[in-house]
Amino acid sequence: MKKYLLLAISLICVFAVMVSGCGNKQSDKELQAITVGVMPDIDSVPIIIAQEKGYFAEEGLKVNIQQFKSAMDRDAALQSGNLDGAISDLLAVAFAKSGGFDVKVTAYTDGDYKLIAGKNENVTSPKDLVGKDVAVSKNTIIEYVTDQISVSQSMKEDSINKVVIPQIPTRLEMLQNGKLAAATLPEPMGSIAVANGCKFVTDSEQLGINPGVMMFTAKCVDNKKAELQAFYRAYNKAVKYLNEHPQDEYMDLIIEKSGFPAIAKTALKLPKYREAGLPQEKDVVDCMKWMNSKGLIKQEFSYKDLVVDLFK
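Just so you know, these numbers come straight off a predicted model, no measurement behind them. (Residues numbered from 1 in each chain as written. Predicted model: local features only at pLDDT ≥ 70, side-chain atom pairs only at ≥ 80, totals over all residues. Heavy atoms only, no water.)

1. Description of the sheet that holds strand β9 (residues 199-203)
Read from one edge of the open sheet, 5 strands run β7-β6-β8-β5-β9, paired in mixed fashion. In this open sheet, the two strands that pair with only one neighbour each are β7 (161-164) and β9. Taken pair by pair, the neighbouring strands of this sheet meet at an average axis angle of 30°, ignoring direction. Pairing geometry for strand β5 (residues 113-117) and strand β8 (residues 182-186), over 5 bridges, is antiparallel. Pairing of K114 across the sheet is with L185, part of β8. Of the strands in this sheet, β5, β6 (133-136) and β8 touch helix α7 (residues 168-176), which is tilted by about 145° from β8. (Pairing = 2+ DSSP bridges. Helix = DSSP H or I, 4+ residues; strand = E, 2+ residues; numbered from the N terminus. Axes fitted to C-alpha atoms, helices over the stretch in contact; angles between N-to-C directions. Contact = heavy atoms within 4.5 Å.)

Put into structure tokens, the structure is as follows:
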């Protein structure tokens, strides 16, 4: 009997050690932090809300948010290893991949890009800008949208004089000061320009163009899948909050954390945000065709080359 009692005690001890070991193993699986770059645009709002309302923390995820004012600075930070991912666009994704830096589109975003004319310009349609200075950021989503606007109006792409101004706040300031005939701006800068007397011409929403995306490095996608799934669960909580609460309730917070000018509180109407999902194949294909036609990339990337589904 004593022999069996000792055996039972030994088995209990072994079981306790196994349970303890499993507990330690589980703690090793705590989510790693991720670092995300955002721009001063409405695409970034759900990420800011997810951070400030504690939705990332609820998912056990630490997210470091870095602010950028130009796509060039954002992309440099991504390729130098300072970011895991960023609010971006299909062009930036293709450029990175073409240059040997592997990134993946993980979701669409809900940005809008507006063509805005100066307050003293007699402009009611894009055709009124033929031969005039229109500010863009070169080889970016802004130039893509500007060219697509020209195509939609049966205008030649070189019918306007593109002035390259990478910094979004500088582009807005020059437009408002009458130094440009027009500029293509992301929201909220487009609405701010209109609130300050400039004139709305058209935008990507009217044209059905949706090239804005969230991208992460392939390394992050491979090594931090659980983290990215947690990221998007928190993102969706933020979307739900934004769509169910009036803007007045959170715009002060958005202005403080995003770098939007104070006038955005009254000038900007945020869109109805969508839960995270994958971009349509047509949006990817059309953007790649434009890049190939301009000789910006040599490869012909397919939808599967660029987009990864983390929602399965």
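Having seen the model, we can carry on.
2. Structural notes on the pairing of β6
Looking at chain direction, β6 and β7 are connected through 4 bridges and run parallel. What sits directly across from D133, in β7, is N161. As paired strands, β6 and β8 are joined by 2 bridges and run parallel to one another. Its bridge partner lying in β8, A135 is registered against A183.

3. Some details on the pattern of salt bridges
Tallied over the entire structure, the rule returns 20 salt bridges. Close ionic contact of E143 with K138 constitutes a salt bridge, the shortest N to O distance being 3.5 Å. E143 gets classed as buried once you look at its relative accessible area, which sits at 1%. On the basis of relative accessible area, K138 is assigned to the partly exposed category, the value being 45%. Where E256 meets K257, a salt bridge forms, and the shortest distance between an N and an O atom there is 3.8 Å. Taking the relative accessible area as the measure of exposure, K257 reaches 32% and is therefore partly exposed. Each of the salt bridges in this network shares a partner with another, and the network as a whole consists of K138, E143, D147, K162 and K294. (Salt bridge = Lys/Arg side-chain N within 4 Å of Asp/Glu carboxyl O. Buried < 20%, exposed > 50% of the residue type's maximum accessible area, 1.4 Å probe, protein only.)

4. Digging into the domain arrangement of the protein
Split into domains, the protein comes out as domain 1 (34-111 + 211-306) and domain 2 (113-207). A C-alpha centroid distance of 23 Å is found between domain 1 and domain 2. Between domain 1 and domain 2, the residue contacts involve 26 residues of the former and 23 residues of the latter. Summed over both sides, the interface of domain 1 with domain 2 buries roughly 2,000 Å², with 71% coming from carbon and sulfur. Together, K69, I263 and W290 form the three largest contributors to the area buried by domain 1 at its contact with domain 2, with a combined 24%. If you look at where domain 1 meets domain 2, you find 1 salt bridge. With a shortest N-O distance of 3.6 Å, D147 and K294 are connected by a salt bridge. Elements with a minimum of two residues in the side of domain 1 that touches domain 2: α4 (71-79), α5 (90-98), α13 (264-267) and α14 (281-293). (Domains from an automatic or database assignment. Buried area = accessible area lost by both parts, 1.4 Å probe.)

5. Overview of the packing of helix α2 (residues 45-52) against helix α12 (residues 251-258)
Relative to each other, α2 and α12 sit at 100°, their axes nearing to 10 Å. Accordingly, the angle class assigned to the pair α2 and α12 is roughly perpendicular. Touching V45, I48, I49 and E52 of α2 are L253, I254, K257 and S258, all from α12. Across the contact of α2 with α12, the residue classes tally to 5 nonpolar, 1 polar and 2 charged. (Parallel < 35°, antiparallel > 145°, perpendicular 65-115°, else oblique. Nonpolar A, V, L, I, M, F, W, Y, C, P; charged D, E, K, R; others polar.)

6. A look at the sheet that holds strand β10 (residues 212-217)
As summarised here, the arrangement of the 5 strands in space is β2-β1-β3-β10-β4, forming an open sheet in which the pairing is mixed. With partners counted over all chains shown, the strands left at the sheet margins are β2 (63-67) and β4 (103-108), one partner each. With strand direction ignored, the average angle separating the axes of adjacent strands in the sheet is 35°. α4 contacts β3 (85-89), β4 and β10 of the sheet and is inclined by roughly 140° relative to β3.

7. A word on α7
If you check which residues of α7 are buried, you get I168, R171, L172 and L175. The arc that holds the buried residues of α7, viewed along the axis, is 95°, so those residues lie on one side. Structurally, α7 contributes buried residues whose contacts are with β5, β6, α6 (141-152), β8 and α8 (189-195). With its phi angle positive at about 75°, G178 sits one or two positions after the end of α7. (Arc of directions from axis to C-beta.)

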